[in-house]
There are 6 protein chains.
Amino acid sequence: MTRKDGRTNDQLRPVTIERGWSAHAEGSALVTFGGTKVLCTASFTNGVPRWLTGKGKGWVTAEYAMLPRATNSRNDRESIKGKVGGRTHEISRLIGRALRAVVDTKALGENTIVIDCDVLQADGGTRTAAITGAYVALADAIAWGREKKFIAQRSEVLRDSVAAVSVGIIDGEPMLDLAYVEDVRAETDMNVVVTGRGLFVEVQGTAEGAPFDKRELDQLLELGVNGCAELRGIQTTALEG
Amino acid sequence: MTRKDGRTNDQLRPVTIERGWSAHAEGSALVTFGGTKVLCTASFTNGVPRWLTGKGKGWVTAEYAMLPRATNSRNDRESIKGKVGGRTHEISRLIGRALRAVVDTKALGENTIVIDCDVLQADGGTRTAAITGAYVALADAIAWGREKKFIAQRSEVLRDSVAAVSVGIIDGEPMLDLAYVEDVRAETDMNVVVTGRGLFVEVQGTAEGAPFDKRELDQLLELGVNGCAELRGIQTTALEG
Amino acid sequence: MTRKDGRTNDQLRPVTIERGWSAHAEGSALVTFGGTKVLCTASFTNGVPRWLTGKGKGWVTAEYAMLPRATNSRNDRESIKGKVGGRTHEISRLIGRALRAVVDTKALGENTIVIDCDVLQADGGTRTAAITGAYVALADAIAWGREKKFIAQRSEVLRDSVAAVSVGIIDGEPMLDLAYVEDVRAETDMNVVVTGRGLFVEVQGTAEGAPFDKRELDQLLELGVNGCAELRGIQTTALEG
Amino acid sequence: MTRKDGRTNDQLRPVTIERGWSAHAEGSALVTFGGTKVLCTASFTNGVPRWLTGKGKGWVTAEYAMLPRATNSRNDRESIKGKVGGRTHEISRLIGRALRAVVDTKALGENTIVIDCDVLQADGGTRTAAITGAYVALADAIAWGREKKFIAQRSEVLRDSVAAVSVGIIDGEPMLDLAYVEDVRAETDMNVVVTGRGLFVEVQGTAEGAPFDKRELDQLLELGVNGCAELRGIQTTALEG
Amino acid sequence: MTRKDGRTNDQLRPVTIERGWSAHAEGSALVTFGGTKVLCTASFTNGVPRWLTGKGKGWVTAEYAMLPRATNSRNDRESIKGKVGGRTHEISRLIGRALRAVVDTKALGENTIVIDCDVLQADGGTRTAAITGAYVALADAIAWGREKKFIAQRSEVLRDSVAAVSVGIIDGEPMLDLAYVEDVRAETDMNVVVTGRGLFVEVQGTAEGAPFDKRELDQLLELGVNGCAELRGIQTTALEG
Amino acid sequence: MTRKDGRTNDQLRPVTIERGWSAHAEGSALVTFGGTKVLCTASFTNGVPRWLTGKGKGWVTAEYAMLPRATNSRNDRESIKGKVGGRTHEISRLIGRALRAVVDTKALGENTIVIDCDVLQADGGTRTAAITGAYVALADAIAWGREKKFIAQRSEVLRDSVAAVSVGIIDGEPMLDLAYVEDVRAETDMNVVVTGRGLFVEVQGTAEGAPFDKRELDQLLELGVNGCAELRGIQTTALEG
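This structure is a prediction, so every number in the text was calculated from the model and none was measured.

Participant: A description of the pairing of strand β5 (residues 111–121) of chain E should follow, citing residues and the corresponding values.
Facilitator: All names here are of chain E. The buried fraction of β5 amounts to eleven of the eleven residues, a majority that puts the element mostly inside the structure. Note that strand β3 (residues 36–46) and β5 share ten bridges and pair antiparallel. By the bridge assignment, Lys37 is partnered in β5 with Gln121. Taken together, the eight bridges between strand β4 (residues 59–66) and β5 define a ladder with parallel strand orientation. The partner of Tyr64 across the bridge, within β5, is Cys117.

Participant: Tell me about the pattern of salt bridges, residues and numbers included.
Facilitator: One pass over the full model with this rule turns up 120 salt bridges over all chains. The partner of Arg69 of chain A in a salt bridge is Glu26 of chain F, and the shortest N-O contact between them spans 2.7 Å. Here Glu26 of chain F lies in the loop between β1 (15–19) and β2 (27–33) and Arg69 of chain A lies in the loop between β4 (59–66) and α1 (78–81), a pairing that spans two chains. A relative accessible area of 5% means that Arg69 of chain A is categorised as buried.

Participant: Tell me about the UniProt feature "domain: Exoribonuclease phosphorolytic" (unreviewed entry) in chain A, residues and numbers included.
Facilitator: Residues and elements named next belong to chain A. UniProt tags residues 11–141 and 161–226 as "domain: Exoribonuclease phosphorolytic" (unreviewed entry). Secondary structure content for residues 11–141 is 30% helix and 32% strand, while the C-alpha to C-alpha distance between its ends is 31 Å. Strand forms 44% of residues 161–226 and helix 26%; the C-alpha atoms that close the span are 15 Å apart.

Participant: How would you sum up the packing of aromatic side chains? Please name residues and give values.
Facilitator: Throughout the structure, instances matching the rule amount to 30 aromatic pairs over all chains. Stacked on the ring of Trp21 of chain F, the Lys or Arg Lys37 of chain A has its end atom at 4.2 Å from the ring centre.

Participant: With reference to specific residues and values, describe the interface of chain B and chain C.
Facilitator: Buried accessible area, meaning the area lost when the parts come together, often serves as the stated size of an interface. Contact residues are listed per partner, giving 34 residues for chain B and 35 residues for chain C. Both sides of the chain B and chain C interface together cover about 2,700 Å² of buried area, and 51% of this is carbon and sulfur. Counting the contacts that link chain B with chain C gives twelve salt bridges. A salt bridge links Arg77 of chain B to Asp118 of chain C, with the nearest nitrogen and oxygen atoms 2.9 Å apart. Going through the elements one at a time, β3 (36–46), β4 (59–66), α1 (78–81) and β5 (111–121) of chain B are the ones with two or more residues in the side of chain B that touches chain C. Ranked by residues supplied to the side of chain B that touches chain C, first place goes to β5 of chain B with six residues. A breakdown of the residues in the side of chain B that touches chain C according to their chemical character gives 15 nonpolar, nine polar and ten charged.

Participant: Explain the packing of helix α2 (residues 86–100) of chain D against helix α4 (residues 126–147) of chain D to me, and be specific about the residues and the numbers.
Facilitator: Residues and elements named next belong to chain D. Relative orientation of the contacting elements α2 and α4 amounts to 40 degrees, with a least axis distance of 10 Å. Here α4 runs oblique to α2, going by the angle between their axes. You can see that α2 and α4 cross each other, and the crossing is right-handed. Contact residues: α2 offers Arg87, Glu90, Ile91, Leu94, Ile95, Ala98 and Leu99, while α4 offers Thr126, Arg127, Ala130, Ile131, Ala134, Tyr135 and Leu138. Residue composition of the contact of α2 with α4, grouped by class: ten nonpolar, one polar and three charged.

Calculation criteria
- Residues numbered from 1 in each chain as written.
- Chains lettered and ligands numbered in written order.
- Predicted model: local features only at pLDDT ≥ 70, side-chain atom pairs only at ≥ 80, totals over all residues.
- Heavy atoms only, no water.
- Buried < 20%, exposed > 50% of the residue type's maximum accessible area, 1.4 Å probe, protein only.
- Helix = DSSP H or I, 4+ residues; strand = E, 2+ residues; numbered from the N terminus.
- Pairing = 2+ DSSP bridges.
- Salt bridge = Lys/Arg side-chain N within 4 Å of Asp/Glu carboxyl O.
- UniProt positions renumbered as here; feature names shortened; annotations may be inferred.
- Phe/Tyr/Trp six-rings, centres within 6.5 Å; stacked < 30°, edge-to-face > 60°.
- Lys NZ or Arg CZ within 6 Å of the ring centre and 35° of its normal.
- Contact = heavy atoms within 4.5 Å.
- Buried area = accessible area lost by both parts, 1.4 Å probe.
- Nonpolar A, V, L, I, M, F, W, Y, C, P; charged D, E, K, R; others polar.
- Axes fitted to C-alpha atoms, helices over the stretch in contact; angles between N-to-C directions.
- Parallel < 35°, antiparallel > 145°, perpendicular 65-115°, else oblique.
- Left-handed = near helix turned anticlockwise from the far one by under 90°.

See below:
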């Protein structure tokens, strides 16, 4: 059995990372996972929020959003609705946690990096594409901060890299990097966030249809770890480019 | 090594479920996991939201909130801040998904059940206590709906039961059902939602400190599955009482 | 003529005050007036809001709210609606004024006490139960502040005690402490807030049906004053317990 | 002893009611109590809100607000703050209740009247001036509705008239119709809403300083009833003008 | 051809400026352009917003709003809707820009003037009436600040005066100062803000029906400049009164 | 004298229009004016808002927004602030008016087109780039609607094309299409919206520094009209591509 777009079950969609897309941001990347396109910008500010002042530590946070017509039918803007939806909040928090897991905030010093992940076009896996691109933007913003002497020359701010991918079970078969048409049919849906050294930062598995057992969980985790290793390579290429 | 409250690593805190706490709700339970107290009420309404009308299916949703002084220091009310925070949104969505995973919405018919989980006192594990208590409130609301003939006599609305527990790694040791003082020290924190038959509905593991490996993940899952089995027994006793 | 629950016209419902209900708050009480249950917590903070700084005076304020299913049918959460309703505002302000009327803010010193009154179950008279319970929580929070030396040892912060009760005219008869079924039928509805010495702090009478005359007003006030005297005894017992 | 503006204790400030101030509204009045100026407009709409449809009854409601520089120092606009304050809510509700107390909603038929009371200049007693002026606007809107045949020719929509005035105790002396400089010094502050026949619609007394006793309450009520009788005369003159 | 109200095409409606309408504001004017009535108050505060502190410059800003029944049918309050509409925002910004164009903020010193323009009754041209009246209120607030020594005695804060008027093309004819019935029929609608010396501060022309050409634009500008010159005379008279 | 980027005063920046950028929208264009990049998507829906139903007319509206790091320093998201700012509102309204000026809503039939203009990168002239790109997206959405038979085959929905450009006076010299560094220094700033036939749809000129006279206004208008004619050519090329 092959997938709609001809991929094998353990195959990523074409992934590209266009580093430095933004003329203004201290770090940026336009990341695509097939039809999913996310613009990630990292804004570096010297100083930290008031509640963190004087502790000798930095702060990394993230905000995720979708353009109203990123999806198949138009969604009302959250700015006009006057409130941020639960899904948006949840994904913003996930991205922030994923990035902070590889950042040594002491080494960052009293600096703040805000990562904005704006989905320009959505076709499944927007949160995992966002994490994968955000890492590249973050790395560039840290490099910028070091060059501008806001960060000490020798300090190793990044303890590891981080990437993420979705996995799921469709018609009983575990598959990597679900496109939207696959995602809506998945019985189980999982997002796996993995460091460059292959350790887990976050595992979020949800039974959309029937509950799943340990064997299925193990299969999904293996697919996800392998996918993230491949994404790690693409990140490295982008950052060396 | 023993834990601060004298428990072994695989031991739950004292758990109680006071069924029918509310005089008004169609189903209700006051659930306690040690110092964590959550009031769960299930509100049954005949009919469904407009977007679901005429599809012959019901709707189950959940809202989670904390009283301002449920915690050690007072938090401002979300009603006064004028917006619901990301954490609240995220937990409300988790509870809703967990309950829907065991509900046959066709069998429920065009009826709506809203579960409110209000944390009266917090000491870690509020979301898992909420899911565990919410299941009892849900079961009673379904029984009420059947008695009032809003649900067909023979239809099996609940496909399974569902319970949840937190697990985590502290000082390298996997532990079950973290109290607040344990939770803040955990290197890895995981919430496991498991059905009465022992299948996973949701697995959410997060590296708070160092990333974790597959062996640690397996240990946590095993602890969580066993804890949920024990909670299943307490739910059954409550529902038979 | 007797009332639906068998009470005489000048009889309170069974009133209980469970002091120290909350493990976290500096003062707390779970108060019940029949089927009305209100959790009152008092949060003590050293310091005052900026607008009061340096004046040598403390601040006492209150917030009232209802759980969504405290009532017979579910109400949407004010946090989700994104705004606090007029009724909630009005009652919060009433409770705050009632408590401040018996507090010597100079003696309190530059400390802040926030009283949260959350209605867990409603059956009429929630605002009067809230005031009656809030006084007990307030007294305990002041005692806590004195023990922690935030308040000077000798200072008399409380000038008097305070309690409140509803009264109303139903089918032409003045009655004390209306339950919900009585409240909706009342022609005139009045809330009376009275100190332990029997003086008025607040009198709020409203013609729901026909306007009322001076004789009816006098009858209601007398009933209310007597009811508050009885509540004063229950408060004293709780605080001595 | 005389008051700052030379009045005796039982004397109203100069009161004027300019009927028909607005070119657009179905009823309107610009009412002044000394330096307090309130523009009251009544908007008549055929039909009622959805929740009242088909019950053969009308609806009367009120909204109160202050211009930002109605007061001595400027207040931020509630529209810009994005929320209506507690005081605004409370007064809007009071005005609405006061007017509904003299309206026979069956006789009004399925029509809605919204009364807007906007304080153009504030010098104490804005809510009582608003009620007094709103009655005149309401009466004219009802006359308009009758003329346009939205209200049956014979039906007596107004059961009585209604007016309101503030009273208070300053330096131990009961006084009528407090100006702002008096209001801020009052030990006890009361608003009395009275019908043309001399019956009470609303009594709201608050101890701002020391609690008050029954004798003081009686003195204030007597002052208030007399003041409202005088206001009744001014309303009548305006409506006959 | 004459206009509905008998004016010629280049004729203003009757314009009045009642200076010092408000007892509280440092400057104020009730301005009428025919049936349009706008209350303009200027609030003077010593000091500037934080972002401007220490730059030796003052700040002038404006807020525009309409009473709910200023118009022919009632509009919901923006305070209750919880957000300020686009039209309100747009006009507030226009008024602020118009006033700042004639203010030397260095000469003003570190003082803030907030101009509130509240439309009490609307009949077309509310924004231009607001600018015209706001100038008078502003001039008086500056005089107040000089008298109170917040502004240096010799400094010329006002570089020029400013007034505004609407112009439009109706049935192919350019007309000055459109009343509401004219405004809704206009093919092209333009607001012209002109200084006392006859220079443009703002030109906003919009094709409501068919697009317009350069000749029409020139005709409208000429009408507007002449109208503003006339308004300049009325402002001068008011300020000398 | 030449400009910072080497352009002559009457020269546009390099302008590109990438038609069909979005895989989902019925019409779309990524438009760039130098460093300004705006993604315009047109969403076509069969049907109109309730207030327009049954009138046989369609509806075209627009929403403008900026990504948080489109600019040189990061701006907080309006979704998180919970309200849309005045500038955003103003520009959204301008774009909507500009497009509606060339649409025959009768010919469009009861269909709705929402144009979203999201600024991905800002370097001056975002609103004029948005209008210029939005026209292309709109034209494609109309073509889509005709193809899907939502629009009658023969009906001419577009009466003309529309484009926009900014002009301004810097150091006394009129210049076309201001980049950000020019815009902040401009004494006068004007946006001109012109149809393909060379007629004005909107003229908005503002004195940022000194007021301007008729001669300057005429120079700016001429520059703007010529710039729009050039943009018209680029639009045509894109639509024929």
